[in-house]
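# Structure at a glance
Below are the chains, spelled out letter by letter.
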Amino acid sequence: MTDSSSSETLANLSTEERRFEPPADLAAEANVTADAYDDAAKDRLAFWAEQADRLSWTQKWDTVLDDSNPPFFKWFTGGRLNASYNCVDRHVEAGRGDKVAFHWVGEPVEDKRDITYAELKDEVCRAANALTDLGVQAGDRVAIYMPMIPEAIVAMLACARIGAPHTVVFGGFSADALASRIDDCQAKVVITSDGGYRRGAPSALKPAVDEARTKTDLVEKVLVVRRTGQDVEWDDDTDVWWHDVVDTASTEHTPEGFDAEHPLYVMYTSGSTGKPKGILHTTGGYLTGASYTHHAVFDLKPETDVYWCTADIGWVTGHSYIVYGPLANGVTQVLYEGTPDSPERGRWWQIIEQYGVTIFYTAPTAIRSFMKQGSEVPDRSDMSSLRILGSVGEPINPEAYVWYRHVIGGDRTPVVDTWWQTETGAIMISPLPGVTAGKPGSAMKAIPGIDADVVDDKGASVPNGSGGYLVVTSPWPSMLRTLWGDDDRYVDTYWKMFKDLGYYFAGDGAKKDADGDIWVLGRVDDVMNVSGHRLSTTEIESALVSHPKVAEAAVVGAKDEDTGQAVCAFVILREEAGDGGEDIVQELRQHVRKEIGPIATPRQVMIVPELPKTRSGKIMRRLLRDVAEHREVGDVTTLADGSVMDLISKGMSSGK
Ligand code: WTA
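A quick note: this is a predicted structure, and the numbers were derived from the prediction, not measured. (Residues numbered from 1 in each chain as written. Predicted model: local features only at pLDDT ≥ 70, side-chain atom pairs only at ≥ 80, totals over all residues. Heavy atoms only, no water.)

For the rest of this paragraph, the subject is the overall build of the protein. Scanning the protein from N- to C-terminus turns up 21 helices and 29 strands. A compact globule built from 656 residues should have a C-alpha radius of gyration of about 26 Å, and the protein, at 24 Å, falls within 12% of that. Expressed as a percentage of the 656 residues in the protein, the buried residues total 61%. The contacts in the protein between residues at least 6 apart in sequence include a share of 70% that link residues at least 24 apart. In the structure as shown, the protein presents an accessible area of about 24800 Å², 46% of it carried by carbon and sulfur atoms. In the protein, which carries 65 positive and 100 negative side-chain charges, the distance between the mean positions of the two groups comes to 2 Å. (Helix = DSSP H or I, 4+ residues; strand = E, 2+ residues; numbered from the N terminus. Rg over C-alpha atoms; globule rule 2.2 N^0.38 Å. Buried < 20%, exposed > 50% of the residue type's maximum accessible area, 1.4 Å probe, protein only. Contact = heavy atoms within 4.5 Å. Areas by Shrake-Rupley, 256 points an atom, 1.4 Å probe, with all protein chains shown as cover. Lys, Arg positive; Asp, Glu negative; His and termini not counted. Charge placed at Lys NZ, Arg CZ, Asp CG, Glu CD.)

The following block contains the structure:
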């Protein structure tokens, strides 16, 4: 990146002038005030020790941070605790057993159930006893492949209770993906269900487990929850019904305190190579990070808040912000099984109204798809209970942020744009809702106790107004400890780039604006180089989405003989904008030119009906790049909807 080109680009990005101050009443009562930044900066380890005290330990730690063998850091060494005890028993012991832990909402409309903390504890104890009877011991790995039903969370907590690290595999993944994860972490038990509900119809899960078992012979037992009642193949040697062994087990189970560094779970995430990376999280530091950030970033008031995170437990967001953080904090949550628009478009908003949800945490991709439909549907529900909105997973375009705040939050609610990763375990960069004047599109700055920076390729901090690589400059409690079974890849992927400085390389590009606030631009591999100028795909996407006719946009850099790379945009128009045509293409090219500058003008704008997304909602730019470079489209197996690429290719060949 040459300085002149980057500052030119960044100057164009700094045109966002809107600021949203925290509401005065929220600020006055906020859990965390501006002092927290100073307190943490004065003595970071004392700050984290104070946060670890939020948890119940069976034995106090000797050392807050053991950094004697970097980058293999250890936190709260000598301490012992049980994660499941912290998430359930202690709330029951404190007299809050009757409090609802989950308002569970099934996809079939009348299918719902409230589960109190006391009921959750009994169920977790039963499942822990049943797993022990099936031969699972501390240290054994258990794979969980389930829909969003309460038993999925019970299963995770039961594993944690007996010290058996779980690996949750997203229910939308294939038998192959499941088998490779089982193999990689050598899971001996799989917990699954016959199926789940998806857009009104039962869809099967157990057959994928059966198929996975033909690819790996490590699985000794498969524990099956009956959810849909559909027929399943049954292997008497291996398969066990949940209701046979869990429902009949004792509710008495004494939780053992495990070492703070005892493995809690492995979560697989895709890397730049084919083999997924098994991110390992351990117990004490992870739970400290999840619990503190949930308290601080969402200003959680466990007595009065009703919290809803729409993530699936198959992703890290579900682990940290449905299971471990919120339950450690003892809040009441909504847990929803289905898709946002089934059986009708307003389902999410109806649930918010019905349960009086106060804190809502979702992803920009969902927000943009609602934006596409307009405000009429959400306007039908009374969402005045909401007081804080959160966003995670990708940069949120300023227009989507403002729409979210306005239409869903009634212009009252702060929006916390939270940057973090599977690897970081917990939120790292985010506004604090009672402290920060939010800027649409910026994750703002590292939360108290976290040291993050934007640096150049030598690791030097870039000045305000410039861009570079996002790094974490000091270890933090909820950091990944290694990649399961692959210490070398752990060191190479995250610590080699800034080896001498000991910085964690996040793989994201970011810029600091004139105030030093951080704008995450996306993965560094999504940054284009056009005539020697660095351009962020996200930045151009934001410009496109700010056009009133655009619902969604994805931008890739395609090889170009003249400029190295050229900007290619794939755009979904809003319903009211019609089919497109040449006029709109020129209009959008001009719009980007105006918003960012001539250098960013797309060579091509393609109007498409859909964008290719993974099941977790990330746009697969690799496939779009194939289209833009007129290549055969590559592997589409991780697409949520494999037919999308056909639609896009057809649309292009017909000249649209
Ligand atoms: C991206 C999800 C911008 C980023 C918790 C990161 C974001 C990757 C944000 C991690 C955000 C996540 N703003 N980008 N608020 N949150 N990302 O592991 O590129 O599924 O590296 O964790 O998502 O994705 P992961």
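This part covers the domain arrangement of the protein. When cut into domains, the protein gives domain 1 (24-509) and domain 2 (531-653). For domain 1 versus domain 2, the distance between C-alpha centres works out to 31 Å. Each partner contributes to the interface: domain 1 provides 16 residues, whereas domain 2 provides 16 residues. Regarding the contact of domain 1 and domain 2, the summed buried area is about 1400 Å², with carbon and sulfur atoms giving 53% of it. For the domain 1 face of the interface with domain 2, the top three residues by lost area are Arg368, Lys372 and Asn397, together amounting to 36%. For Glu575, the salt bridge identified is with Arg345, shortest N-O distance 3.3 Å. Linking domain 1 to domain 2 there are three residue pairs in polar contact (both at pLDDT 80 or more). Of all elements in the fold, only helix H14 (364-373) and helix H16 (398-408) reach the threshold of two or more residues within the side of domain 1 that touches domain 2. (Domains from an automatic or database assignment. Buried area = accessible area lost by both parts, 1.4 Å probe. Salt bridge = Lys/Arg side-chain N within 4 Å of Asp/Glu carboxyl O. Polar contact = N/O pair within 3.5 Å; in protein donor to acceptor, adjacent residues only side chain to side chain.)

The subject of this paragraph is the sheet that holds strand S19 (residues 388-392). Pairing is mixed across the open sheet formed by seven strands, whose spatial order is S5-S4-S17-S16-S18-S19-S20. The open sheet has two free edges, formed respectively by strand S5 (112-116) and strand S20 (415-418), since each of these has just one partner strand. Put simply, the sheet's adjacent strands are angled 20° from each other on average, direction ignored. Summarising the sheet, strand S16 (residues 306-309) and strand S17 (residues 332-336) pair through three bridges and their orientation is parallel. Within S17, the position partnered with Val306 by the bridge is Thr332. H16 contacts strand S18 (359-362), S19 and S20 of the sheet and is inclined by roughly 150° relative to S19. (Pairing = 2+ DSSP bridges. Axes fitted to C-alpha atoms, helices over the stretch in contact; angles between N-to-C directions.)

For any pair of aromatic rings, the description consists of the separation of the ring centres together with the inter-plane angle of the planes. Tallying each qualifying case throughout the model produces 37 aromatic pairs. Between Tyr265 and Tyr324 the ring centres are 6.3 Å apart and the planes differ by 10°, which places this aromatic pair in the stacked class. With Tyr265 in strand S14 (residues 263-269) and Tyr324 in helix H12 (residues 316-328), this pair connects stretches of sequence that are 59 residues apart. Each member of the pair Tyr265 and Tyr324 is classed as buried. Both rings, one in Trp348 and one in Trp349, keep their centres 6.0 Å apart while their planes meet at 90°; by these two values the pair is edge-to-face. Comparing Trp348 with Trp349 shows no difference in burial state: the two are buried. (Phe/Tyr/Trp six-rings, centres within 6.5 Å; stacked < 30°, edge-to-face > 60°.)

With that out of the way, let us pick up the side chain of Thr601. Considering the arrangement of structural elements, one finds Thr601 in the loop between helix H19 (582-595) and strand S29 (604-607). Given a relative accessible area of 17%, Thr601 falls into the buried group. For Thr601, the residues in contact, after removing those within four places along its chain, are Val567, Arg589, Val592 and Arg593.

Moving on: empty space enclosed by the protein. Evaluated as defined, the whole model comprises five cavities of 30 Å³ or more. Estimates place the volume of the second largest cavity at around 60 Å³. Lining the second largest cavity are Phe20, Glu21, Pro22, Tyr401, Arg405, Pro414, Val415, Pro431, Leu432, Pro433, Thr436 and Gly438. (1 Å grid on protein atoms, 1.4 Å probe; cavity = no way out; pocket = protein on both sides within 12 Å on 5 of 7 lines; lining within 4 Å. Points joined across faces, edges and corners; volume = space filled by probe spheres on them.)

With respect to spatial proximity, 16 residues lie near the ligand, and among them Asp417, Thr418, Thr422, Asp508 and Arg523 are the closest. In this structure, a nitrogen atom belonging to the ligand sits 2.7 Å away from a side-chain N or O atom of Asp417. If the ligand stood free it would expose 530 Å²; the protein chains cover 90% of that surface. Those elements that place two or more of their residues in the shell around the ligand are H12, S20 and strand S24 (518-523). (Near = heavy atom within 4 Å.)

Core analysis: the biggest nonpolar cluster contains 116 residues, and Leu120, Leu157, Ile191, Phe298 and Tyr324 have the highest contact counts within it. Looking at which element gives the most residues to this core, the answer is helix H7 (residues 150-161), with nine residues. With sequence-adjacent residues up to four places away left out, Phe298 is seen in contact with Thr293, Tyr307, Tyr321, Ile359, Tyr361, Arg387, Ile388, Gly390, Val416, Ile427 and Pro433. In this structure, Met383, Leu389, Met528 and Val605 belong to the second largest nonpolar core, which totals 50 residues. (Core = buried A, V, L, I, M, F, W, Y, C linked by side-chain atoms within 4.5 Å.)

The subject of this paragraph is the pairing of S24. In terms of burial, S24 is a largely internal element, five of the six residues being buried. Examined bridge by bridge, strand S23 (residues 504-512) and S24 share five bridges and lie antiparallel to one another. Across the sheet, Lys511 pairs through a bridge with Trp519, a residue of S24. Counting the residues in the hairpin turn of S23 and S24 gives five residues, including Gly516, whose phi is positive at 85°.

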